[in-house]
Amino acid sequence: MSPKEKEDKNLVEERTKVNKWDGSAVKNALDDAVRDVFIKRLNYQENFALVDGRLWICSIAVGIAMLALLWDYLHPFPQSKPVLLLCVSAYFVMMGVLTVYTAYFEKGIFAVAVQKDDAGLDPDVVWEASSYMKRFDDLYALTVTCYKSNKTQIKSATFEKSVANFFDNDGNLLLELLEPEVVKLHSNITSGKKEK
């Protein structure tokens, strides 16, 4: 078996298969594939700061809930009423903070990749990928944004295509069709072209 045949065989074995009628599963499979293009194909480093922020907010909320549970166990209900009230209020506030964080900071961003400057003289280039897909719709909108780590020179490019372009009839993700589209967006940004 030639190396090309082995690579094709591995590609077929590694395909992501989803229920093509489940919009959420289709969107998540596409998002994961786009992330892999940035991390594995373009060799950028993944940055987890956005996800870590969400995890910290959730951890604090769970800590507050555990404190309420422990306090109520140590001091049964009539005594624990003020602490429970405080913990429930704090948990409610943390869920509000989480909602604001996901709506205004994450904004649908599912991947953040950092392109390090080889010489180390210029600031790193940050690539963000965000996607949107309406419920019961087949159009997948991908936006790739690029900026220097000091938040200057922000550029972005978007494409919107039917998910049928990237999946076969059995629900297998065809990475060989998605990857060129992502690389094309990347190239349009680096070359300065605009594409919608």
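Because the structure is a prediction, the values reported are computed rather than measured. (Residues numbered from 1 in each chain as written. Predicted model: local features only at pLDDT ≥ 70, side-chain atom pairs only at ≥ 80, totals over all residues. Heavy atoms only, no water.)

Visitor: When you look at the packing of aromatic side chains in this model, what are you seeing that I'm missing?
Guide: Aromatic rings in a pair are described by how distant their centres are and how their planes are angled relative to each other. Applying the stated criterion across every chain yields a total of five aromatic pairs. With a centroid separation of 6.1 Å and 15° between ring planes, the pair formed by Tyr44 and Trp127 is classed as stacked. You can see Tyr44 sitting in the loop between helix 2 (23-41) and strand 1 (45-46) and its partner Trp127 sitting in strand 3 (residues 125-132), a full 83 residues away along the chain. Trp127 gets classed as buried once you look at its relative accessible area, which sits at 2%. An aromatic cluster of at least three residues, connected via ring pairs, comprises Phe38, Tyr44 and Trp127. (Phe/Tyr/Trp six-rings, centres within 6.5 Å; stacked < 30°, edge-to-face > 60°. Helix = DSSP H or I, 4+ residues; strand = E, 2+ residues; numbered from the N terminus. Buried < 20%, exposed > 50% of the residue type's maximum accessible area, 1.4 Å probe, protein only.)

Visitor: Please clarify how the UniProt feature "transmembrane region" (unreviewed entry) in the protein chain should be interpreted in this entry.
Guide: When the UniProt feature table is mapped onto this chain numbering, "transmembrane region" (unreviewed entry) sits at residues 53-71 and 83-104. As annotated, residues 53-71 has a helix share of 100% and a strand share of 0%, and its two end C-alpha atoms lie 27 Å apart. (UniProt positions renumbered as here; feature names shortened; annotations may be inferred.)

Visitor: Hey, could you run me through helix 3 (residues 49-74) in this one?
Guide: Structural remark: α-helix, 3.6 residues per turn; residues separated by three or four positions point the same way. When the terminal C-alpha atoms of helix 3 are compared, their 37 Å separation across 26 residues agrees well with the 38 Å that a helix rising 1.5 Å per residue should span. Turning to helix 3, its buried residues number three or more, namely Leu50, Gly53, Ile57, Ala61, Ile64 and Ala68. Next to the buried residues of helix 3 lie helix 4 (77-106) and strand 2 (109-115). (Expected span 1.5 Å × (residues − 1). Contact = heavy atoms within 4.5 Å.)

Visitor: Would you mind going over unusual backbone geometry with me for this structure?
Guide: Generally, phi is negative for residues other than glycine and the peptide bonds are trans, each holding for most cases. If you check the backbone angles, Asn43 has positive phi at about 60° while not being a glycine. On the secondary structure map, Asn43 appears in the loop between helix 2 and strand 1. In this structure Asn43 comes out as exposed when scored by relative accessible area, which is 60%. With phi around 50°, Lys107 is a residue other than glycine that occupies positive phi space. Checked against the element boundaries, Lys107 lands in the loop between helix 4 and strand 2.

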